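The residues making up each chain are set out below.
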Amino acid sequence: MNSIELQQTLPEVFAGRDTIVSDVWHRQVAFQKGKMYLIEAASGTGKSSLCSFIYGYRTDYQGIITFDGVNVRKLTVKQWTDIRKRSLSMLFQELRLFPELTAWENVQLKNGLTGFCRKQQVKDWFEQLGIADKWDVKVGKMSYGQQQRVAFVRCLCQPADFFFLDEPVSHLDDGNGQIMARILKEEADRQGAGVIVTSIGKHLPLEYDRVLSL
């Protein structure tokens with residue numbers, strides 16, 4: 001996948017509003033592979049909705065979303081599965097981890113399906129992110145910031161044309177945010193992937209090609 005494009009896209013819940021001031025909604029916006037984008041948003045502007053629309057979880061929007069010119073509404077279940085497995089890696093704001101499983105077990109659920117990363121690579125990321133001691137700890141017993149780092153490592157355990165991260169550093173200190181940014185840039189550069197990050201204030205410290213206001 002080389003491009004994600006929104007054409008006059010708007011959440012249906014916003015359809016009754018007289019004016020929409022946005023760089024994304026009701027616009028034509030293209031995200032290109034290999035580029036980095038920051039989407040700044042205030043609460044209630046549809047940030048999480050945007051993530052769900054692009055990932056195919058929700059379809060309650062007007063307008064068109066395309067992947068390489070193909071309307072995502074026309075994609076089959078198998079096509080969506082392949083896209084989520086090989087082209088689009090999503091780090092949701094709510095993380096979607098299994099609290100009863102350990103940090104490693106949560107990561108291995110994905111890596112076992114993709115076979116993308118060596119176990120030692122995962123261990124190295126845990127070490128860099130300061131959660132090596134949480135390897136065998138159940139996620140439900142970890143802080144939210146620690147869980148964010150586990151979910152981040154999990155999203156790296158697949159090939160991707162685009163990494164989409166929804167508020168990935170909301171509960172991290174600046175030091176860990178910088179480490180996360182460095183790891184993400186290394187992986188994006190290695191795969192030639194695009195990066196789309198959302199923020200309601202504190203954002204991942206990257207050199208963005210474009211900053212948009214939602």
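Predicted, not measured: the structure shown is a model, and the values here were computed from it.

Enquirer: In this structure, what is going on with the overall build of the protein? I would like to understand it.
Expert: Assigned secondary structure in the protein consists of six helices and nine strands. A globule of 214 residues ought to have a C-alpha radius of gyration of about 17 Å, and the protein, at 17 Å, matches this closely. Reported as C-alpha extents along the three principal axes, the dimensions of the protein are approximately 50 × 35 × 30 Å. Put simply, the protein has 214 residues, and 50% of those count as buried.

Enquirer: I'm lost on the sheet that holds strand E3 (residues 36-40) in this one. Help?
Expert: What the five strands build is an open sheet, ordered E6-E7-E8-E3-E9; its pairing is parallel. Each edge of the sheet is formed by a strand with only one pairing partner; in this case those strands are strand E6 (88-91) and strand E9 (210-213). Sheet twist, expressed as the average angle between the axes of neighbouring strands with direction ignored, equals 15°. By the bridge criterion, five bridges tie strand E7 (residues 162-166) to strand E8 (residues 194-199) in an arrangement that is parallel. Bridging from a neighbouring strand, Phe163 pairs with Val195 of E8. Against the sheet, helix H5 (residues 144-156) contacts E6 and E7, and its axis sits at roughly 175° relative to E6. Contacts between helix H6 (residues 174-191) and the sheet are confined to E3, E7 and E8, with E7 contributing the most and set at about 155° to the helix.

Enquirer: Honestly, the sheet that holds strand E5 (residues 70-71) in this entry has me stumped. Any pointers?
Expert: The strands making up a sheet associate through backbone hydrogen bonding, with each pair oriented either parallel or antiparallel. In space, the four strands of this open sheet follow the order E2-E1-E4-E5, with antiparallel pairing throughout. Bordering the open sheet on either side are strand E2 (28-32) and E5, each of which pairs with just one other strand. Of the pairings in the sheet, the one linking strand E4 (residues 61-67) to E5 comprises two bridges and is antiparallel in character. Residue pairing in the sheet places Thr66 in a bridge with Asn71 of E5.

Enquirer: Explanation requested: the packing of helix H4 (residues 119-128) against H5 in the structure shown.
Expert: To describe two helices that pack against each other, one gives the angle between their axes and the distance between the axes. Running from N to C, H4 and H5 cross one another at 145°; their axes reach a closest spacing of 10 Å. Crossing handedness for the pair H4 and H5: right-handed. Contacts between H4 and H5 pair Val122, Trp125 and Phe126 from the former with Val150, Val153 and Leu156 from the latter. Its residues assigned to classes, the contact of H4 with H5 comprises six nonpolar, no polar and no charged.

Enquirer: How should I be thinking about the pattern of salt bridges in this particular structure?
Expert: A side chain of one charge can pair with a side chain of the opposite charge when the charged atoms of the two come close. With the rule as written, the count across this model stands at 10 salt bridges. A salt bridge links Arg182 to Glu186, with the shortest nitrogen-to-oxygen separation between them at 3.5 Å. With Arg182 and Glu186 both in helix H6 and four residues apart, this pair spans about one turn of that helix. You can call Arg182 partly exposed: its relative accessible area is 38%. Overall, the relative accessible area of 42% leaves Glu186 in the partly exposed class. Note that Asp189 and Lys185 form a salt bridge whose closest N and O atoms lie 2.7 Å from each other.

Enquirer: Help me understand unusual backbone geometry in this model?
Expert: Trans peptide bonds make up most of the peptide bonds, and negative phi angles are found at most residues other than glycine. The backbone of Gln8 shows a phi angle near 55°, a positive value even though the residue is not glycine. Here the phi dihedral of Leu95 falls at roughly 75°; this positive angle occurs in a residue that is not glycine. Residue Leu95 is classed as buried on the basis of its relative accessible area of 3%.

Enquirer: What exactly am I supposed to notice about the packing of helix H3 (residues 103-114) against H5 here?
Expert: Direction vectors running N to C along H3 and H5 enclose 25°, while the axes themselves pass 8 Å from each other. Judged on the interaxial angle alone, H5 and H3 are roughly parallel. Note on packing geometry: the crossing formed by H3 with H5 is right-handed. Facing Ala103, Asn106, Val107 and Lys110 of H3, the residues of H5 in contact are Val150, Val153, Arg154 and Cys155. In the contact of H3 with H5, the residues fall into five nonpolar, one polar and two charged.

Parameters at a glance
Note on numbering: residues in each chain are counted from 1, in written sequence order. Selection of residues for local features in this predicted model requires a pLDDT of at least 70, selection of side-chain atom pairs for listing and counting requires 80 or more, and totals for whole chains, interfaces and linings are taken over all residues. Calculated side-chain values reflect all of the structure's heavy atoms, with hydrogen atoms and water omitted. In this description a helix means any DSSP run of H or I spanning at least four residues, a strand means any run of E spanning at least two, and both kinds are numbered starting from the N terminus. With C-alpha atoms as the basis for the radius of gyration, the globule rule is written as 2.2 Å multiplied by the number of residues raised to the power 0.38. When a residue's accessible area, from a 1.4 Å probe over protein chains only, is under 20% of the maximum for its type it is buried; when over 50% it is exposed; and in between it is partly exposed. One bridge is not enough; two strands pair if DSSP finds at least two bridges between them. Axis geometry follows a simple rule: fit a line to the C-alpha atoms, using only the stretch in contact for helices, then measure angles between N-to-C directions, giving values from 0 to 180 degrees. We call two residues in contact when some of their heavy atoms are within 4.5 Å. Should the near helix be turned counterclockwise from the far one by less than a right angle, the crossing is left-handed, whereas a clockwise turn marks it as right-handed. Think of it as three bins: nonpolar holds Ala, Val, Leu, Ile, Met, Phe, Trp, Tyr, Cys and Pro, charged holds Asp, Glu, Lys and Arg, and polar takes everything else, Gly as well. A side-chain nitrogen of Lys or Arg and a carboxyl oxygen of Asp or Glu constitute a salt bridge if their distance falls within 4 Å. Comment on the angle field: the value is read as roughly parallel under 35 degrees, roughly antiparallel over 145, roughly perpendicular from 65 to 115, and oblique elsewhere.

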